[in-house]
Structure formats: structure tokens, C-alpha cells
Amino acid sequence: MGSASSTLLTEEDYTQIHTETGFTEPQIRRLYQRFSHLDKRSKGYLTQQDMMLIPELAVNPLGSQIIEAFFTDESDPSQSLGEVNFRQFVRTLARFRKNSSTHPHEMCTINKKIEFIFRVYDKDKDGMISKTDLTQVLSAMVGMNIPQEHVHSIVKRTMKEADEDKDNFISLEEFKKALGDIDVCDKMSVSFSRS
């Protein structure tokens with residue numbers, strides 16, 4: 001499948017994907033090869049089960065939430081998609097690119113990165129992070145390493161600090177403020193260049 005599958009993209013596809021994501025043509029070719037490798041039945045799209053074949057996601061305690069965020073409809077974040085095509089796959093991955101000071105791109109801004117993280121925490125996709133959402137994500141992150149009463153204590157403290165309007169939910173704006181000094185761009189950037 002490898003190099004033969006990458007020829008299925010036209011020059012116009014490369015140009016459009018570059019414009020949408022900021023990825024270079026060699027990066028797009030490598031991502032298409034990876035996509036094609038995951039698309040074992042050559043359907044032209046990936047399912048959540050296909051994404052679980054990525055070893056880094058399969059062993060990540062938040063792997064299923066990260067995968068769910070890939071399958072969130074960009075135009076309506078409360079809706080999930082059953083499948084993602086290559087362009088949707090690459091648009092989501094673009095949020096993990098390091099934004100270049102010489103060639104900045106809107107897909108990998110701090111706001112796009114924070115919106116993606118927010119979707120990971122917003123388990124029920126209602127546009128808010130509830131105590132339940134936060135508890136589920138933190139429990140997945142720490143597993144059995146921390147007693148549940150400690151998790152509940154962290155959730156309570158986080159809600160108290162981040163929920164500025166005291167409605168028992170953390171909105172996207174409150175989430176952005178809560179992240180404050182954390183270098184989200186650095187922590188959520190992956191090199192897509194060949195090492």
C-alpha cells in the first residue's frame with residue numbers, strides 16, 4: 001500500500017491540504033501513507049477501531065478520549081462522526097503541529113490546541129466540563145495510582161478554581177483561563193518532520 005497509495009492524491013489535493021493545515025507536501029505524503037496503513041480495508045476512511053491500532057494511542061490512558069476528539073464534528077462539537085476521511089484526519093493532526101513564527105497557521109494556534117484539549121475533557125460533548133467529565137478523565141489518567149478520594153479532592157479544587165461563574169461547569173473560556181501559564185503550544189506539539 002505504502003508509496004502506491006500516496007499517488008492517489010492529486011497536486012490540487014496537496015495544495016488544498018497544505019493551505020488548510022500548513023503541512024508540507026512530504027509531510028502530507030507520509031501522513032497519507034500512515035492513514036492508508038491504518039485503513040487496512042482501503043475504505044477511504046478510518047473508524048475509531050482503526051485508530052486504536054496506533055500503538056501510542058492504544059497504551060495512552062486518554063487514548064479513547066483523544067480518538068473521540070478526532071471524530072468530533074468541527075461544525076457541531078456535540079456530534080460525533082462515525083468515520084473520518086484523510087482530510088479530516090490531517091486537519092485534526094494539524095493542531096499538533098508546532099506553529100512556525102515564519103509561517104504561522106491558524107490550525108495550530110494556541111486556541112485550536114486548547115479547543116482540542118477541551119473536547120478531550122468534555123466527555124459528554126455538551127460544551128462544558130462537568131465534575132463528572134473531570135472525574136472520568138482524571139481517573140483514566142491516574143488509574144489505580146491515586147485513591148478515588150484524592151481524585152475527588154483534585155476535582156473539587158479544580159472546579160472551585162476554574163469555575164468562575166459558579167455554575168458547576170467549566171466553560172471553554174474558563175478552561176482557557178485555567179490553563180493560563182501552561183505552555184500548551186510546546187506541550188501539545190509534535191514534530192512531523194522525518195528524524
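Refer to the structure presented above.
As the structure is a prediction and not an experimental result, all values here were calculated from the model.

(A) Just the overall build of the protein chain, in detail. What the protein chain contains, in helices and strands, is 12 helices and 4 strands. In the protein chain, which comprises 195 residues, the share counted as buried stands at 39%. Looking at the protein chain alone, contacts between residues at least 24 apart form 55% of all its contacts between residues at least 6 apart. As displayed, the protein chain has an accessible area near 11200 Å², and 54% of this comes from carbon and sulfur atoms.

(B) Highlighting unusual backbone geometry. One non-glycine residue, K125, lies in positive phi territory at about 55 degrees. Turning to its location among the elements, K125 is positioned in the loop between α8 (110-121) and β3 (129-130). Taking the relative accessible area as the measure of exposure, K125 reaches 13% and is therefore buried. Positive phi is not limited to glycine here, since K166 has a value of about 55 degrees. K166 sits in the exposed class, given a relative accessible area of 54%.

(C) Structural view of the packing of aromatic side chains. What the rule picks out here adds up to 9 aromatic pairs. Relative to F175, the ring of F118 lies with its centre 5.5 Å away and its plane at 70 degrees, an arrangement referred to as edge-to-face. Taken together, the residues F118 in helix α8 and F175 in helix α11 (residues 172-179) connect sequence positions 57 residues apart. Judged by its relative accessible area of 6%, F118 is buried. A ring pair is formed by Y121 and F175, whose centres lie 5.7 Å apart and whose planes are at 55 degrees; its orientation type is tilted. Of this pair, Y121 sits in helix α8 while F175 sits in helix α11, placing them 54 residues apart in sequence. No difference in accessibility class separates Y121 from F175, as the two residues are buried. One Lys or Arg, R97, reaches over the ring of F23 and ends 5.6 Å from the middle of that ring.

(D) Region of interest: the pattern of salt bridges. Applying the stated criterion to the full structure yields 7 salt bridges. Its salt-bridge partner being E25, residue R29 comes within 2.6 Å of it at the nearest N-O pair. Taken as a pair, R29 and E25 lie in helix α3 (residues 25-38) at a separation of 4 residues, close to a single helical turn. Taking relative accessible area as the criterion, R29 reaches 29% and is therefore assigned partly exposed.

(E) Local environment of the environment of Y121. With a relative accessible area of 16%, Y121 lands in the buried category. C-alpha separation for the pair Y121 and T132, spaced 11 residues apart in sequence, amounts to 10.0 Å. Discounting chain neighbours no more than four positions away, the residues touching Y121 are I129, D133, L134, V137, M141 and F175.

Reading guide: rules and limits
- Residues numbered from 1 in each chain as written.
- Predicted model: local features only at pLDDT ≥ 70, side-chain atom pairs only at ≥ 80, totals over all residues.
- Heavy atoms only, no water.
- Helix = DSSP H or I, 4+ residues; strand = E, 2+ residues; numbered from the N terminus.
- Buried < 20%, exposed > 50% of the residue type's maximum accessible area, 1.4 Å probe, protein only.
- Contact = heavy atoms within 4.5 Å.
- Areas by Shrake-Rupley, 256 points an atom, 1.4 Å probe, with all protein chains shown as cover.
- Phe/Tyr/Trp six-rings, centres within 6.5 Å; stacked < 30°, edge-to-face > 60°.
- Lys NZ or Arg CZ within 6 Å of the ring centre and 35° of its normal.
- Salt bridge = Lys/Arg side-chain N within 4 Å of Asp/Glu carboxyl O.

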